[in-house]
Structures are given as C-alpha cells and as structure tokens.
Amino acid sequence: MEQCHVCRIGFYDQGEVYIVPMNFGYEVQNGVYTLYFHGAKAGRKLALVKSCPKVGFEMDTGYELLRADTACGHSARYQSIVGNGILSVVEDTTEQLHGLQLLMAHETGNLHWKFSKEMLSAVTVLRLTVTALSGKEH
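The model shown is predicted, which means the values in this text are computed figures rather than measured ones.

1. A word on the overall build of the chain
A tally of regular secondary structure across the chain gives three helices and seven strands. Starting at the N terminus, the α and β elements of the chain follow one another as β-β-β-β-α-β-β-α-α-β. Relative to its 138 residues, the chain shows a buried fraction of 35%. Long-range contacts, defined as pairs at least 24 residues apart, comprise 69% of the intrachain contacts of the chain with a sequence gap of at least 6. Just so you have it, the chain exposes about 8400 Å², and 53% of that area is on carbon and sulfur atoms. Of the side chains in the chain, 12 bear a positive and 14 a negative charge, and the two mean positions are spaced by 4 Å.

2. Brief notes about the packing of aromatic side chains
Taken as a whole, this structure holds two aromatic pairs when the rule is applied. With a centroid separation of 6.2 Å and an interplanar angle of 35°, the aromatic rings of phenylalanine 11 and tyrosine 18 are classed as tilted. On the basis of an interplanar angle of 40° and a centroid distance of 6.2 Å, the ring pair of phenylalanine 24 and tyrosine 26 is categorised as tilted. Here phenylalanine 24 and tyrosine 26 have matching classes, each one buried. The ring of tyrosine 18 has arginine 44 sitting right over it, with the charged end atom 3.9 Å from the ring centre.

3. Regarding the pairing of strand β6 (residues 75-89)
Looking down a regular strand, the side chains alternate between one sheet face and the other. Pairing geometry for strand β5 (residues 54-66) and β6, over eleven bridges, is antiparallel. When the bridges of β6 are listed, glycine 56 appears paired with asparagine 84. Across eleven bridges, the pairing between β6 and strand β7 (residues 124-137) is antiparallel. Looking across to β7, one finds that glutamine 79 is bridged to glutamate 137.

Thresholds, definitions, all that
- Residues numbered from 1 in each chain as written.
- Predicted model: local features only at pLDDT ≥ 70, side-chain atom pairs only at ≥ 80, totals over all residues.
- Heavy atoms only, no water.
- Helix = DSSP H or I, 4+ residues; strand = E, 2+ residues; numbered from the N terminus.
- Buried < 20%, exposed > 50% of the residue type's maximum accessible area, 1.4 Å probe, protein only.
- Contact = heavy atoms within 4.5 Å.
- Areas by Shrake-Rupley, 256 points an atom, 1.4 Å probe, with all protein chains shown as cover.
- Lys, Arg positive; Asp, Glu negative; His and termini not counted.
- Charge placed at Lys NZ, Arg CZ, Asp CG, Glu CD.
- Phe/Tyr/Trp six-rings, centres within 6.5 Å; stacked < 30°, edge-to-face > 60°.
- Lys NZ or Arg CZ within 6 Å of the ring centre and 35° of its normal.
- Pairing = 2+ DSSP bridges.

Listed below in structure tokens is the structure:
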C-alpha cells in the first residue's frame, strides 16, 4: 500500500459500476485499515457515498511487462490490492485534519502541513473503513 499512489473506488450506481481514481492516505490501527480521501463538496461521488456507502477498491504498483517471442508468452510483474469497505463523510474537524495529514504524508513524505479553516471548508474528507482486503504479487 505504501508504494501505491492511486486508489480506484468502485461504487454501485443503479445497475452501473462507477469507478473513481483518487489519491489517498491511510493508517492501520489494531489490524484495521482506514483510508482517507478528499474531494469536492458536491457531485456524483458524494451522492453515492451517502446513498450506497459499501464500495470496492483497487490499487496497484510495480507494473512491468515481461516480453516474449509469442503473444501468449508475454506476462507482467505487478503488486495489487483489492478490497471492500464502508465509505463515509468525515464530519469531525479533528479527524478531517488527521485524514488530510495522512494523505499529504503518503503523497509527499511530510506529515506536518497546515490547513486553514477556508481550506477545510472547501473540501470533503472521506473515510474508507476496510472490511476485506487481499493482495497479489506476480
């Protein structure tokens, strides 16, 4: 997960699957993974979080094509994580700041960012509580 920088979230939306790629931060406490995202204050994604919070997700890293002399001989190296969870809007300001700090730390390596009240009011912070997780490496 540390090497992944995009998490694709899959929503079920009235018979369709809607997939959104997002940057993220995360933490693990007592064996439970929690991912944090940020986004707009309105839109399809936010509406789906509120109406259908059960989601699937996928992230991957390290892709490398392994070439061969025949088409079927090609393969690839990769690492991937897939899972399910419950996505919700973070309402508590302290947790919003915590989630944004984790996101920025994951993306930049720096855990000490300042966020103004205006910045916090301009974004929605989302929490994904992971309920199932599996990884694969080839």
